[in-house]
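# Results of the structural survey
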Amino acid sequence: REVLAGVDIHTAYGQTEAAPRITYASPSDLFTLRGTAGRPLSNVTVEILDDDDRPLPEGEVGEVVASGPNIMVGYVSGDEVESGRIDSKGRLRTGDLGKLVDGSLYLVGRKSDMMKLAGERVFPQEIEDVLNRHDAVKESGVFAVPDERMGERLIACVVLEEGRTLSMPELRPHCLAHMSFV
């Protein structure tokens, strides 16, 4: 607001297959609904589905699926169903993960970025966000490596702020206090 005084910022979320918008956030939404991707357009239905295509309740994370007159019928190649982009009900499978809260969509990641560790859904970005909140951490990156027992194991690489030190015994309580899935 201070940097762009007098400028209204309008944001929208969508994909080319949705011609191209699915949701819209007004300038006031950006400040009152922090992190929102907006509310569905008036002629668009947004659902959050689990891995078995069942609708999830408000606040639960699942795949963002959209339907409405703006959703494409198909690709020129004709592989929209085989590719998983359009389901048997004509809905667009966005591949994005999100949740609906009070009618607003909040995106949390990509379905392809999600990992399952010991039965829990884990997103590398969530872990990076927690690591990056530590005052000694400049930046971090999280990735998975194969693990015989758990399927995948996470590895975190951390770059410290200049002149700072940080040990695992110092970092562990920080992570445990801020991660929702531990």
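Residues numbered from 1 in each chain as written. Predicted model: local features only at pLDDT ≥ 70, side-chain atom pairs only at ≥ 80, totals over all residues. Heavy atoms only, no water.

## Thoughts on the pattern of salt bridges
What counts, and what does not: When a carboxyl oxygen of Asp or Glu lies within 4 Å of a side-chain nitrogen of Lys or Arg, that pair is called a salt bridge. Accessibility here uses a 1.4 Å probe with only protein chains present; expressed as a share of the type maximum, an area under 20% marks a residue as buried, one over 50% as exposed, and anything in between as partly exposed. Helix and strand assignments come from DSSP, with helices taken as H or I runs of at least 4 residues and strands as E runs of at least 2, each series counted from the N terminus.
Counted under the stated rule, the structure contains 13 salt bridges. When the shortest N-O distance is used, the salt bridge between Arg-54 and Asp-52 registers 3.3 Å. Judged by its relative accessible area of 53%, Asp-52 is exposed. Where Arg-93 meets Glu-63, a salt bridge forms, and the shortest distance between an N and an O atom there is 2.9 Å. Taken together, the residues span a long stretch of sequence, with Arg-93 in strand β6 (residues 92-101) and Glu-63 in strand β5 (residues 62-67) at a distance of 30 residues. Judged on exposure class, the residue Arg-93 and its partner Glu-63 are both buried. Taken together, the shared-partner salt bridges in this structure form one network comprising Glu-47, Asp-53, Glu-63, Asp-87, Arg-91, Arg-93 and Lys-111.

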